[in-house]
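Chain residues, written in single-letter form:
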Amino acid sequence: MNVGFIGLGIMGKPMALNLLKGGHTLFAHSRSGVPQELTAAGATACKSPKEVAQKAEVIITMVPDTPDVQKVLFGEAGVAEGLSPGKIVVDMSSISPIETKQFAERINGLGCQYLDAPVSGGEVGAKNATLTIMVGGPEEAFAKVKPLFELMGKNITLVGGNGDGQTCKVANQIIVALTIEAVAEALVFASKAGADPAKVRQALMGGFASSRILEVHGERMIKRTFDPGFRIELHQKDLNLALAGARALGVSLPNTATAQELFNACVANGGAKWDHSGMVRALEMMAHHQVGQPVENPGLD
């Protein structure tokens, strides 16, 4: 299949590489340039999203936020200018469910189909092709694109119509943020009480409190490895979508709001680009205690 891929950052580059390994022809574009690793593997670098859309049957976008998707699709030399009827646009970014539905309508008006297919699993999942992929859109388009999804992920679900994939991703990000907060609280508590947080984590991994976040992010908190991963500023964006959606729906998300405030505290102290497990640093500041390596004044640096 001739596949287009736009957005080749922490997640996009390994996802695109996995499509190349699957034998597909790849036409790629990124505002920062197409990585040499991709062109060496056989990808064709394109000058614009329009050129990608002209050459590919399926066009995948993987960019940071809703305005970025809008620009890639409908801006100057955007995807929409290069489309012809019958093509499929697949947005794998994590963006607004409401605007996703609007984007889908505009793409449908050009005689093309649209899938929203955000992912979970982080950089590790992208590299290992084990991402969870949550899809919204028509079944016909999903069936055609599913072999591509299977090269990038393992748990692939057609959730419903356009926008439902993004709604599912927002729900995912609520659970992830609140679980990070719970793990952080537990490790700060245990460490300040005098217990070895590494051994506490090891013990908890064998019980009902076990989770992937305790396994991966708990270890990050203890070892102080806060290079992303998934940046706090991106998780903030996702929780903004959750809280805005909640207001529109008349739903209260009190603990989501608390998690967002802890992220805000991290960003205020220079942590926008920390891995989201760095939320623990906000709790450490309030406890005047650092998990893993107790110091006189942990701060947030």
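Above this text sits the structure in question.
In short, a report on the structure. What you see is a predicted model, and the numbers here were worked out from it, not measured in a lab.

## Here we look at the packing of aromatic side chains
For step 1, the next point in the chain: On inspection of all chains with the given rule, the structure shows two aromatic pairs.
For step 2, the next point in the chain: Between phenylalanine 74 and phenylalanine 103 the ring centres are 5.7 Å apart and the planes differ by 55 degrees, which places this aromatic pair in the tilted class. On the criterion of sequence distance, the pair formed by phenylalanine 74 in helix H4 (residues 66-74) and phenylalanine 103 in helix H6 (residues 97-108) is long-range, its members being 29 residues apart. With respect to burial, phenylalanine 74 and phenylalanine 103 carry one shared label: buried.
For step 3, the next point in the chain: Note on phenylalanine 142 and phenylalanine 149: the rings are 6.3 Å apart at their centroids and 40 degrees apart in plane angle, and the pair reads as tilted.
For step 4, the next point in the chain: Classification of phenylalanine 142 by relative accessible area gives buried; the value is 11%.
For step 5, the next point in the chain: Taking the relative accessible area as the measure of exposure, phenylalanine 149 reaches 0% and is therefore buried.
For step 6, the next point in the chain: Arginine 106 extends its terminal NZ or CZ atom over the ring of phenylalanine 74, reaching a point 3.8 Å from the ring centre.
For step 7, the next point in the chain: Taking the ring centre of tryptophan 274 as reference, the NZ or CZ of arginine 281 above it sits at 4.3 Å.

## Describing the pattern of salt bridges
For step 1, the next point in the chain: Under the counting rule described, the total for this entry stands at 11 salt bridges.
For step 2, the next point in the chain: Among the ionic pairs, lysine 127 bridges to glutamate 123, the shortest N-O distance being 3.3 Å. Highlighted residues: lysine 127 and glutamate 123, both in helix H7 (residues 122-128), separated by four residues, approximately one helical turn.
For step 3, the next point in the chain: In this structure, glutamate 233 and arginine 231 form a salt bridge, with 2.7 Å as the shortest nitrogen-oxygen distance.
For step 4, the next point in the chain: Taking relative accessible area as the criterion, glutamate 233 reaches 25% and is therefore assigned partly exposed.
For step 5, the next point in the chain: Among the residues examined, arginine 231 registers a relative accessible area of 21% and is labelled partly exposed.

## Focus: the side chain of serine 93
For step 1, the next point in the chain: Along the polypeptide, serine 93 turns up in the loop between strand E5 (88-91) and H6.
For step 2, the next point in the chain: Within the structure, the side chain of serine 93 is placed 2.9 Å from the backbone nitrogen of valine 63, a separation counted as a polar contact.
For step 3, the next point in the chain: A polar contact is formed between the side chain of serine 93 and the side chain of aspartate 91, at a distance of 2.7 Å.
For step 4, the next point in the chain: Apart from residues no more than four positions distant in its own chain, serine 93 is found in contact with Thr61, Met62, Val63, Val69, Pro118 and Gln166.

## Concerning the packing of helix H9 (residues 164-192) against helix H14 (residues 280-287)
For step 1, the next point in the chain: As a packed pair, H9 and H14 sit with axes 9 Å apart at the nearest point and diverge in direction by 35 degrees. Seen from above, H9 lies across H14 with right-handed handedness. In contact with Glu181, Ala184, Glu185, Val188 and Lys192 of H9, H14 contributes Val280, Leu283, Glu284 and Ala287.
For step 2, the next point in the chain: Looking at side-chain class alone, the contact of H9 with H14 contains five nonpolar, no polar and four charged residues.

## A look at the environment of methionine 152
For step 1, the next point in the chain: By secondary structure assignment, the location of methionine 152 is in helix H8 (residues 139-152).
For step 2, the next point in the chain: Judged by relative accessible area, which is 1%, methionine 152 ranks as buried.
For step 3, the next point in the chain: Note: C-alpha distance between methionine 152 and glycine 12 (140 residues apart in sequence) is 10 Å.

## Overview of helix H11 (residues 212-223)
For step 1, the next point in the chain: Its 12 residues place the ends of H11 16 Å apart at the C-alpha level, agreeing with the 16 Å of an ideal helix rising 1.5 Å per residue.
For step 2, the next point in the chain: Among all positions in H11, only Ile213, Leu214, His217, Gly218, Arg220, Met221 and Ile222 are buried.
For step 3, the next point in the chain: Each element contacted by the buried residues of H11 is listed here: H9, helix H10 (197-204) and H14.
For step 4, the next point in the chain: Positive phi shows up at arginine 224, right after H11, with a value of about 65 degrees.

Rules used in this analysis
- Residues numbered from 1 in each chain as written.
- Predicted model: local features only at pLDDT ≥ 70, side-chain atom pairs only at ≥ 80, totals over all residues.
- Heavy atoms only, no water.
- Phe/Tyr/Trp six-rings, centres within 6.5 Å; stacked < 30°, edge-to-face > 60°.
- Helix = DSSP H or I, 4+ residues; strand = E, 2+ residues; numbered from the N terminus.
- Buried < 20%, exposed > 50% of the residue type's maximum accessible area, 1.4 Å probe, protein only.
- Lys NZ or Arg CZ within 6 Å of the ring centre and 35° of its normal.
- Salt bridge = Lys/Arg side-chain N within 4 Å of Asp/Glu carboxyl O.
- Polar contact = N/O pair within 3.5 Å; in protein donor to acceptor, adjacent residues only side chain to side chain.
- Contact = heavy atoms within 4.5 Å.
- Axes fitted to C-alpha atoms, helices over the stretch in contact; angles between N-to-C directions.
- Left-handed = near helix turned anticlockwise from the far one by under 90°.
- Nonpolar A, V, L, I, M, F, W, Y, C, P; charged D, E, K, R; others polar.
- Expected span 1.5 Å × (residues − 1).

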